[in-house]
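Structural description and commentary
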Amino acid sequence: MTSKFDNAVGVDVGGTFTDFLFLIDEEYIVQKIPTTPDDPSIGILQGLANIQTDLSRVAHGSTIATNALLEKAGARTALVVTEGFKDILEIGRQARNNIYELEPTPANLLIPPELIIEFSGKLTPDGEIKTNVSPDLYRTIIENAVSNNVEALAICLLFSHKNTFFEDKFREVYENIKHDFKGRKLPYLSISSEVSPEYREVERASTTALNAYVGPIMSTYLSNLEKSLQQVNSFVVAPSLHIIQSDGGAATTSQVEKLPVSTLLSGPSAGVNGALSLARAVDEHKIITLDIGGTSTDIALCDKELPYRTNLVIQGIPARTPVVDIHTVGAGGGSVAYLDTGGALRVGPRSVGSLPGPACYGKSRELSSPAFSVTDAHALLGRLNRDYFLADSLQIDVTEAERAAEPFLNIFSNKFEFAQAVIDVTNANIERAVRVVSVQKGFNPNEFTLIPFGGAGPLHACDVAEMLNIDKILIPPSPGVLAALGALQAGHTLTVGQSVLQTMNEDSVESVLTNLQQAIKIISEKLSGDDIQYRAVLDLRFVGQSHEIGVNIDNANEANLEVLLDAKEEFVERHGHLYGHSGYDVEIANIRVTGFVDPKFTPPKPVLPNRRNNQTGPLINQYCEAIFRGGSQRTPIYLRTELSADDHIIGPALVTQLDTTTLITPAWLGRVDIEGNLILSKK
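What you are looking at is a predicted structure, and each value in this text was computed from that prediction instead of being measured.

A word on the pairing of strand β25 (residues 586-597). Of all 12 residues that make up β25, 11 are buried, and the element is covered over most of its length. Taken together, the nine bridges between strand β22 (residues 493-503) and β25 define a ladder with antiparallel strand orientation. Within the sheet, the bridge partner assigned to Q502 lies in β25 and is I588.

To continue, consider the packing of aromatic side chains. Following the criterion strictly, the structure yields 13 aromatic pairs and no others. Aromatic pair Y138 and F170: ring centres 5.0 Å apart, planes at 85°, arrangement edge-to-face. Of this pair, Y138 sits in helix α4 (residues 136-147) while F170 is found in helix α5 (residues 165-176), placing the two residues 32 residues apart along the sequence. For Y138, a relative accessible area of 3% corresponds to the buried category. Ring centres of F165 and F166 lie 5.4 Å apart, and the angle between their planes is 65°; on these two criteria the pair is classed as edge-to-face. Assessed through its relative accessible area of 29%, F165 is described here as partly exposed. Assessed through its relative accessible area of 2%, F166 is described here as buried. Taken together, the ring pairs connect F119, Y138, F165, F166 and F170 into an aromatic cluster.

Turning next to a negative patch on the surface. There is a patch of like negative charges on the surface, built from E562, D566, E569, E570 and E573. The topology assignment puts E573 in helix α16 (residues 561-579). Accessibility expressed as a relative area gives 62% for E573, which makes it exposed.

To continue, consider the sheet that holds strand β6 (residues 116-119). Two strands in a sheet stick together by hydrogen bonds in their backbones, pointing the same way (parallel) or opposite ways (antiparallel). Ordered in space as β6-β5-β9-β10, the four strands form an open sheet in which the pairing is parallel. Each having just a single partner strand, β6 and β10 (188-191) make up the two edges of the open sheet. Shown here is a sheet whose adjacent strand axes are inclined to one another by a mean of 20°, direction ignored. Pairing of strand β9 (residues 152-156) with β10 involves four bridges; the strand directions are parallel. Looking at the pairing, A154 lines up with S190 of β10. Along the sheet, α5 contacts β5 (77-82), β6, β9 and β10; its crossing angle with β10, the most-contacted strand, is approximately 160°.

An α-helical turn contains 3.6 residues, so any two residues separated by three or four positions project in the same direction. Taking 1.5 Å of rise per residue, 23 residues should cover 33 Å, and helix α12 (residues 415-437) covers 34 Å from first to last C-alpha, within 8% of that figure. Taking the backbone nitrogen of F416 as reference, a side-chain oxygen 2.9 Å away marks N414 as the first, capping residue of α12.

Burial analysis of strand β23 (residues 532-542) places nine of its 11 residues in the buried class, which makes it a mostly covered element. Looking at chain direction, β23 and β25 are connected through 11 bridges and run antiparallel. Residue pairing in the sheet places A536 in a bridge with V593 of β25. Joining the antiparallel neighbours β23 and strand β24 (residues 549-554) is a turn of six residues, in which G544 adopts a positive phi near 100°.

Here α4 crosses α5 at 60°, and the two axes come no closer than 9 Å. Classified by the interaxial angle, the pair formed by α4 and α5 is oblique. Both α4 and α5 take part in a crossing whose hand is right-handed. Where α4 abuts α5, its residues Y138, R139, I141 and I142 lie against F165, F166, K169, F170, V173 and Y174. Here the residues of the contact of α4 with α5 sort into eight nonpolar, no polar and two charged.

So, about the domain arrangement of the protein chain. The assigned domain composition of the protein chain is domain 1 (70-218), domain 2 (492-597) and domain 3 (622-682). Between the C-alpha centres of domain 1 and domain 3 there is a distance of 55 Å.

Calculation criteria
Residues numbered from 1 in each chain as written. Predicted model: local features only at pLDDT ≥ 70, side-chain atom pairs only at ≥ 80, totals over all residues. Heavy atoms only, no water. Buried < 20%, exposed > 50% of the residue type's maximum accessible area, 1.4 Å probe, protein only. Helix = DSSP H or I, 4+ residues; strand = E, 2+ residues; numbered from the N terminus. Pairing = 2+ DSSP bridges. Phe/Tyr/Trp six-rings, centres within 6.5 Å; stacked < 30°, edge-to-face > 60°. Patch = residues over 30% accessible without salt bridge, like charges linked within 9 Å, V, L, I, M, F, W, Y side chains within 5 Å. Areas by Shrake-Rupley, 256 points an atom, 1.4 Å probe, with all protein chains shown as cover. Salt bridge = Lys/Arg side-chain N within 4 Å of Asp/Glu carboxyl O. Lys, Arg positive; Asp, Glu negative; His and termini not counted. Charge placed at Lys NZ, Arg CZ, Asp CG, Glu CD. Axes fitted to C-alpha atoms, helices over the stretch in contact; angles between N-to-C directions. Contact = heavy atoms within 4.5 Å. Expected span 1.5 Å × (residues − 1). Polar contact = N/O pair within 3.5 Å; in protein donor to acceptor, adjacent residues only side chain to side chain. Parallel < 35°, antiparallel > 145°, perpendicular 65-115°, else oblique. Left-handed = near helix turned anticlockwise from the far one by under 90°. Nonpolar A, V, L, I, M, F, W, Y, C, P; charged D, E, K, R; others polar. Domains from an automatic or database assignment.

Laid out in structure tokens, this is it:
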């Protein structure tokens, strides 16, 4: 656990920058360095070496599993399935994203057909052994995988959520033959009853295969990073390494090595966790988070608590793992502007990345036609402080942004019109994404506070809020590293799922309670901590339905028969509210329990500067000419580090700091609260 006396660091690896938030001697230190995409650990170690102090803990938001999937750079993986189910991943649910597509795009397969192995052992739907196999078959399958240079082996057999006999045999034989393969590495083993022990064969197989696909690269990365941490000169003892999971909680490296699929939304989840924690500190409980980084925008709606879901689809591949409910769109500071085949202006999802980065960073001077990004648009419009960008750690070269804009000037009348068009398209993409998590789910954005963060979030906040009729914006003290803060303060979590598949009534509810208690017992044995909090989700539906509604139970370790029956009634009420009908027999499909260890994180109090003698308002550092729709306006620039509590700022204005730039447009006002947050409201 992290007490207020521990020195620790939260690290978030983004597409353009790697963000660090150090907690040293009860003070925050912010650092940003360019991401090293070939090996993110290089950038992490560079950042740690810059701070010559001992650390007890490194909390790391990781993109390793996500990048391996997106870039198709995972392990050579084989999949063992029940005989007759060789095409399970390719057929899937036979669902098409576009039902009018005459030639549907083939499923995105991680495993080639020649590496899918059929297993003759079979179970009945009730879990009884129907066809047994020779004990030698397990060893033969593993040895054949080794001889075919398979790096990861996934096992997913029909009805193993009811009976793990066959899958347990694979684990047993695998462990027994390790010593026979001295000098030869056994493939990484991913077993469905350990990865996703819930019914629905397609999702279970896909999740297990995906876990195997990213397992070796994640294990190698974590092993190398832990070894490298032992060699940092400033560390007396290597700090413990914790990885952020997709549910916003932290996990040990051994836990993540077994279940890397749990980290697919690691970084974005940490950001939402940090934003909600910060909002609660100032009594804000209904927020929309807007995390705009270099490559993408991640959006979540929090109505008093973190929103969760259990199904995730990345690159068309379904995965069943607990995640914070985040909607992502390819719009960020590095998103590239281009004209489509019809001549319309588009922005994203392609990004310039950390190398060469936006043209205005000056790293693409040798290119004959550098790409034009959203950051270049802000530079052309004068919305980035040329003399003090990222606390003077990076010089803005506007002439390079102008050179990148030249190919578009035969379409637009001038560079400013083009730059504003790029911003407008980007904001429209973001606005549509916010409506997905709010309006499309029955929420009015006007009832929520917008919390923008990430390197580009505060630049777009006023425009996006205006489009959605949001009246209040909260800019955190260090918005560019909020995901690192979320990582730093994350508590350990562990989720255990169980399939139940039975009607839920007064006669059967006792067995449901038994399953719930079994899941809690498993968590208590695996999760260390004195104060574990338990939260359960019951997947309920009416008999005959194929999709469930999750009903939450807080303090699940105190649940009794009455609590479970109340959950059933809550489901009936919610179903009637959502779909207009209810009143049938209720069935429970799954029980999912999450254990959470409160880290008892004590954030340091912000130290805000006092106003100088006779100072009536915030000091203006300098002025610039910024372009808004009404034309050029003389715009004051403030340094965030010099703002005091209760300082007021009238838009238009720029507020610059190490990790981001905040744009206050002409229609908005800013005020600094006692926690150091910058609160924006409409004039």
